[in-house]
Amino acid sequence: MTDKWKALREHHAQVAGRRILTLFDEDPGRAAGFSVRADGLLFDFSKTNIDAGGRAALIALAEASGLAEKRAAMFSGKKINETEGRAVLHVALRAGEAHRILVDGRDVIPGIAETLRRCGAFAEAVRSGAFTGQGERITDVVNIGIGGSDLGPAMAVLALAPYHDGPRVHFVSNVDGAQVHDVLRGLNPETTLVIVASKTFTTIETMTNADTVRRWMAGRVADPAAQFAAVSTAADKTAAYGIAPERVFGFGDWVGGRYSVWGPIGLALMIAIGPERFGEFLSGARAMDEHFLAAPFAANMPVALALTGIWHNQICGYPTRAVLPYEQRLSRLPAYLQQLEMESNGKSVALDGSDLTVQSGPVVWGEPGTNGQHAFYQLIHQGSRVVPCEFIVARHGHEPDLAHQHLLLVANCLAQSEALMRGRSLEEARALMAAKGPEGEELERQARHRVFPGNRPSTTLAMEKLTPFTLGQVLALYEHRVFVEGVILGINSWDQWGVELGKELALALQPILEGRESAGGKDGSTAALVAFLRG
Ligand SMILES: O=P(O)(O)OC[C@H]1O[C@](O)(CO)[C@@H](O)[C@@H]1O
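Here the structure is a predicted model, which is why all the values come from computation and not from measurement.

1. With respect to a nonpolar patch on the surface
Residues Leu-513, Leu-529, Phe-532 and Leu-533 make up a contiguous nonpolar surface patch of roughly 460 Å² in combined accessible area. Top contributing element to the nonpolar patch by residue count: helix α21 (residues 524–533), with 3 residues. With respect to the helices and strands, the residue Leu-513 is situated in helix α20 (residues 500–513). According to the relative accessible area criterion, Leu-513 is partly exposed, its value standing at 37%.

Listed below in structure tokens is the structure:
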């Protein structure tokens, strides 16, 4: 463990248990001092136990990790994905044509621009009815993909529902046939466009679902392949699958699946909201990239979000963090962030192959408010574990005639972070109960149940309104947060070897479940479950 980590731990030992509220008494300017603004976004981390000394120690840790150099390396196309020998260039997908980024001596920007133009033209053709498949205007689009080839576009289509003016868009990801069955029910094969989205074009769930949908279509249309498009890095495999090259949209292996919504994996979103709005989504991300590159660490939003994460997880030892959007249309954001954060930073081996000496990245979970308030907030307020909460809220909704409901939503969001910090003391609980009647031991017993320990940290990310631009900003903010945390932990955030073993074992279990092979070599539990579940 380096001196910087030790310094942080020592600082934490001195301030642990201190009431966050006292920091506001000591520093009336705390709310402004411990928040960061960027292009209309406000990130407030003042309701945490980070003080000036803690922030300085966190920034020193970030500086010592080589963050500035690694950030420059990522943006310039260096092969920072060391275990796979790849550059990491999702930022190139939104950089704009004025840039030049070399990978293996070749500028990747012209290819990206060309693919974006092709996607835009195809999306427009589908939206306008110029693309008719085999006869009729497309009414429904089915995106088949999983992980990064599903979560990004599925989350964003939902988030940007007010801008949705294209055909209906559906998503199939799970190998559970129930999902594809339910999605296809009610769709007309003659007016359905299928997008097979898979970076590798080998993922078993996606290819199995694609086969199922192709069979469904073949029952009604002469040439199902004419209504299939593909998004993939594997042009040879999409061709072998029979998808015409003019409907295949590629991207480089330097875009990780969970970072790929900005390119052709976003095609379903582009069809839903149109290329122009999609361009605004990219502009929002680009604005966050520029901020991330230019702002000093102390005023840098992704750095502040990441350092708050490091403080809570690796220093305070809180093993999870909750993402709580007070925005129903962001209901898939926690799932999206689960993949982004946990597939990126859920690793306990450092870049040099040694074991990490600190905790790997945290468990990320969440649900939109106010729904979560009526489900799991009980534990957040009174459970024995501390869960740092990340609130997300917008000043305005999209429904002016329901502004009173939006105001209630905002009030709830602010009330929760206030309640988490402030809590309710035993004395306050006693006074509350005394007014209701019980006395003596009964009053004491009842009061204890109504105590809130408080002093529970939270952050709030606030925006004007959830638009394509602000959604782009928010997603890029979280991407860069993951990057900064990964650099500080000294891990490779860009691979995902941890998903491989289960895939291999599932393949080996198929013939056993079919009864073609014996469960002989399996452990007792797996063999018994096979016996129970076999056909
Ligand atoms: O786009 P593909 O190649 O089908 O992969 C889907 C997902 O599977 C994973 O590789 C994990 O299994 C993710 O990283 C990825 O987003």
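2. So, the site of the ligand
Lining the immediate environment of the ligand, one finds 14 residues, of which Gly-148, Ser-149, Ser-198, Thr-200 and Thr-203 sit closest. Contact between the ligand and Glu-343: an oxygen atom at 2.8 Å from a side-chain N or O atom of the residue. Bound to the protein, the ligand loses 87% of the 390 Å² it would expose on its own. Its residues assigned to classes, the shell around the ligand shows 2 nonpolar, 9 polar and 3 charged.

3. Digging into the pairing of strand β13 (residues 458–463)
Among the 6 residues in β13, 5 count as buried, and that is most of the element. In this structure, strand β2 (residues 41–44) lies alongside β13, joined through 3 bridges in antiparallel fashion. Pairing of Phe-43 across the sheet is with Leu-461, part of β13. Looking at chain direction, strand β12 (residues 389–394) and β13 are connected through 6 bridges and run parallel.

4. Regarding the domain arrangement of the chain
In terms of domains, the chain is made up of domain 1 (5–25 + 33–76 + 296–421 + 457–493), domain 2 (90–273), domain 3 (423–456) and domain 4 (501–534). Using only C-alpha atoms to locate each centre, domain 2 and domain 3 end up separated by 56 Å.

5. Observations concerning the packing of helix α12 (residues 275–294) against helix α13 (residues 301–315)
Between α12 and α13, whose axes approach to 7 Å, the crossing angle comes to 75°. Accordingly, the angle class assigned to the pair α12 and α13 is roughly perpendicular. Of α13, the residues touching α12 (which contributes Met-288, His-291 and Phe-292) are Met-301, Pro-302 and Val-303. The class makeup of the residues in the contact of α12 with α13 is 5 nonpolar, 1 polar and no charged.

6. What to know about the confidence of the model for the chain
Per-residue pLDDT for the chain averages 97, and the proportion of residues at 70 or more is 100%. Here the complex is predicted with pTM 0.97, and the ipTM for its interfaces comes to 0.98.

7. Here we look at the packing of aromatic side chains
Going through the model one piece at a time under the given rule, you end up with 14 aromatic pairs. Judged by centre distance (5.8 Å) and plane angle (70°), the rings of Phe-34 and Phe-45 are edge-to-face. Pair noted here: Phe-34 is in the loop between α3 (30–33) and β1 (35–38) and Phe-45 is in the loop between β2 and α4 (52–64), with a separation of 11 residues, a long-range link. By relative accessible area, Phe-45 is classed as buried at 5%.

8. Describing the UniProt feature "active site" (unreviewed entry) in the chain
Mapped onto this numbering, the UniProt entry gives "active site" (unreviewed entry) at Glu-343, His-374 and Lys-503. A maximum C-alpha distance of 36.5 Å shows the annotated residues, which cover 161 residues in sequence, to be distributed over more than one spot. With respect to the secondary-structure elements, His-374 resides in the loop between β11 (363–365) and α15 (377–382). Relative accessible area serves as the criterion here: at 72%, His-374 is assigned to the exposed category. With respect to the helices and strands, Lys-503 occurs in helix α20.

9. A look at the environment of Thr-2
Checked against the element boundaries, Thr-2 lands in the segment before α1 (3–15). On the basis of relative accessible area, Thr-2 is assigned to the partly exposed category, the value being 44%. Put simply, Thr-2 and Glu-500 are 498 residues apart on the chain and 32 Å apart in space, counted from C-alpha to C-alpha.

10. As for the side chain of Arg-258
Looking at where Arg-258 falls in the secondary structure, it is placed in the loop between β9 (248–250) and α11 (267–273). A polar atom in the side chain of Arg-258 sits 3.0 Å from the backbone oxygen of Asp-495.

11. Focus: the environment of Asn-188
Following the sequence through the fold, Asn-188 ends up in the loop between α8 (177–184) and β7 (192–197). Asn-188 sits in the partly exposed class, given a relative accessible area of 24%. When the C-alpha atoms of Asn-188 and Arg-18 are compared, they prove to be 62 Å apart, with 170 residues separating the residues in sequence. Residues within four places of Asn-188 in sequence aside, it is in contact with Trp-216 and Arg-220. Reaching out from Asn-188, the side chain makes a polar contact with the side chain of Arg-220 at a distance of 3.3 Å.

12. So, the sheet that holds β11
Ordered in space as β1-β2-β13-β12-β10-β11, the 6 strands form an open sheet in which the pairing is mixed. If you trace the sheet from one side to the other, it starts and ends with β1 and β11, each paired once. Between one strand and the next, the sheet's axes are offset by a mean angle of 15°, whatever the strand orientation.

13. Considering helix α19 (residues 468–489)
Across its 22 residues, α19 extends 32 Å between first and last C-alpha, which sits within 8% of the 32 Å expected from 1.5 Å per residue. Among the 22 residues in α19, 21 count as buried, and that is most of the element. Within two residues after α19, Gly-490 carries a phi angle of roughly 75°, on the positive side.

The rules behind each value
Residues numbered from 1 in each chain as written. Predicted model: local features only at pLDDT ≥ 70, side-chain atom pairs only at ≥ 80, totals over all residues. Heavy atoms only, no water. Patch = residues over 30% accessible without salt bridge, like charges linked within 9 Å, V, L, I, M, F, W, Y side chains within 5 Å. Areas by Shrake-Rupley, 256 points an atom, 1.4 Å probe, with all protein chains shown as cover. Salt bridge = Lys/Arg side-chain N within 4 Å of Asp/Glu carboxyl O. Helix = DSSP H or I, 4+ residues; strand = E, 2+ residues; numbered from the N terminus. Buried < 20%, exposed > 50% of the residue type's maximum accessible area, 1.4 Å probe, protein only. Near = heavy atom within 4 Å. Polar contact = N/O pair within 3.5 Å; in protein donor to acceptor, adjacent residues only side chain to side chain. Nonpolar A, V, L, I, M, F, W, Y, C, P; charged D, E, K, R; others polar. Pairing = 2+ DSSP bridges. Domains from an automatic or database assignment. Axes fitted to C-alpha atoms, helices over the stretch in contact; angles between N-to-C directions. Parallel < 35°, antiparallel > 145°, perpendicular 65-115°, else oblique. Contact = heavy atoms within 4.5 Å. pLDDT = per-residue confidence, 0-100. Phe/Tyr/Trp six-rings, centres within 6.5 Å; stacked < 30°, edge-to-face > 60°. UniProt positions renumbered as here; feature names shortened; annotations may be inferred. Expected span 1.5 Å × (residues − 1).

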